[in-house]
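Survey of secondary and tertiary structure
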Amino acid sequence: MKSPRIKGSLSSCRRLYDSGVSSHANDPAGSPSANYAELTAQVKALVAAEKDRVANAANIAALLYDGLPEVNWAGFYFYDGRELVLGPFQGKPACVRIALGKGVCGTAAASRTTQLIADVHAFDGHIACDADSRSEVVVPLARNDGTLVGVLDLDSPRPERFDAIDQRGLEDIAAVFIASLEHA
Ligand code: SME
């Protein structure tokens with residue numbers, strides 16, 4: 001179960017990304033792609049004046065975990081020059097280090113391609129951090145010059161939770177995150 005939200009304490013931060021338009025993922029009137037348009041706009045607002053990698057990753061993880069339905073883990077692993085190391089996330093505690101090429105995260109990082117896994121039990125080498133996870137999407141994070149930054153990882157307790165709309169939306173958000181690291 002996700003913890004109850006603490007209303008009010010984040011009001012000054014919330015103004016940074018509230019657009020005044022309600023298109024929450026649970027809104028039956030909102031289409032999945034419309035929700036990603038809103039989430040991407042919120043991410044852009046959150047990182048607009050900040051280049052700190054940890055701060056921006058922490059806010060993006062929180063936004064995705066809070067804003068997307070049926071997600072039990074959302075967060076980042078960063079490449080330290082040798083392997084992936086756990087970064088900011090929301091969800092249950094996770095494995096700290098993942099070698100390149102290992103698991104879904106290490107595969108995304110090594111191949112620089114998004115991994116859309118309908119059934120994690122069918123992925124050879126999947127690393128189970130939360131036994132409830134049944135599907136997963138991992139987006140590689142690389143700078144324009146090809147330098148590997150890490151990965152953005154989302155898990156769901158529902159098989160086949162993520163589709164091409166999620167992939168495109170999360171790749172857009174990953175690009176906004178990468179661009180934020182280049183802010184002056
Ligand atoms: N399942 C991932 C490990 C990270 S957790 O899901 C948070 C993997 O196989 O790489």
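Refer to the structure above for everything that follows.
1. Side note on the overall build of the protein chain
Tallying secondary structure elements over the protein chain gives 5 helices and 6 strands in all. For the protein chain, with 184 residues in total, the buried portion stands at 35%. Pairs at least 24 residues apart make up 54% of the contacts formed inside the protein chain by residues separated by at least 6 positions.

2. A word on the site of the ligand
Near the ligand lie 15 residues; those nearest to it are Gly 103, Val 104, Cys 105, Ile 127 and Cys 129. Residue assignment for the shell around the ligand shows that the elements contributing at least two residues are helix 4 (103-111) and strand 6 (148-156). With 4 residues, helix 4 is the single largest residue contributor to the shell around the ligand. Taken together, the residues of the shell around the ligand sort by class into 8 nonpolar, 4 polar and 3 charged.

3. A closer look at the packing of helix 2 (residues 32-47) against helix 5 (residues 164-180)
Their axes nearest at 10 Å, the elements helix 2 and helix 5 cross at an angle of 10°. Between helix 2 and helix 5, the crossing angle belongs to the class labelled roughly parallel. In this structure, helix 2 contributes Pro 32, Ser 33, Tyr 36, Leu 39, Thr 40, Val 43, Lys 44 and Val 47 to the contact, and helix 5 contributes Ile 165, Gly 169, Asp 172, Ile 173, Val 176, Phe 177 and Ser 180. Tallied by class, residues from the contact of helix 2 with helix 5 come to 9 nonpolar, 4 polar and 2 charged.

4. Looking at helix 4
Counting buried residues along helix 4, 7 of its 9 residues qualify, which places the element largely inside the surrounding structure. Within the span of helix 4, buried status applies to Gly 103, Val 104, Cys 105, Gly 106, Thr 107, Ala 108 and Ala 109. Following helix 4 by one or two positions, Arg 112 has its phi on the positive side, about 55°.

5. Here's the deal with the nonpolar core
By size, the foremost hydrophobic cluster in this structure holds 38 residues, and its most contacted members are Cys 105, Val 139, Val 151 and Leu 154. Sorting the residues of this core by element identifies helix 2, helix 3 (53-67), strand 1 (73-79), strand 2 (84-91), helix 4, strand 5 (135-142), strand 6 and helix 5 as the ones contributing at least two each. Residue contacts for Val 139: discarding those within four places in its chain leaves Ala 108, Thr 114, Val 151, Leu 152, Leu 170, Glu 171 and Ala 174.

6. Some words on the environment of Glu 50
By secondary structure assignment, the location of Glu 50 is in the loop between helix 2 and helix 3. Taking the C-alpha atoms as reference points, Glu 50 and Leu 181, 131 residues apart in sequence, are found 8.2 Å from one another. When neighbours within four sequence positions are excluded, Glu 50 is seen to be in contact with Ala 55, Asn 56 and Ser 180.

7. Things to note about the packing of helix 3 against helix 5
In contact at an axis separation of 10 Å, helix 3 and helix 5 are set at 160° when each is read in the N-to-C sense. With respect to each other, helix 3 and helix 5 are oriented roughly antiparallel. At the point where helix 3 passes helix 5, the crossing takes the right-handed sense. Between helix 3, through Asn 56, Ala 57 and Ile 60, and helix 5, the contact on the second element is made entirely by Ile 173, Phe 177 and Ser 180. Classifying every residue of the contact of helix 3 with helix 5 by side-chain character gives 4 nonpolar, 2 polar and no charged.

Rules and cut-offs
Residues numbered from 1 in each chain as written. Predicted model: local features only at pLDDT ≥ 70, side-chain atom pairs only at ≥ 80, totals over all residues. Helix = DSSP H or I, 4+ residues; strand = E, 2+ residues; numbered from the N terminus. Buried ≥ 20, exposed ≤ 12 C-beta atoms within 10 Å, placed from the backbone. Contact = placed C-beta atoms within 7 Å. Near = placed C-beta within 6 Å. Nonpolar A, V, L, I, M, F, W, Y, C, P; charged D, E, K, R; others polar. Axes fitted to C-alpha atoms, helices over the stretch in contact; angles between N-to-C directions. Parallel < 35°, antiparallel > 145°, perpendicular 65-115°, else oblique. Core = buried A, V, L, I, M, F, W, Y, C linked by C-beta atoms within 7 Å. Left-handed = near helix turned anticlockwise from the far one by under 90°.

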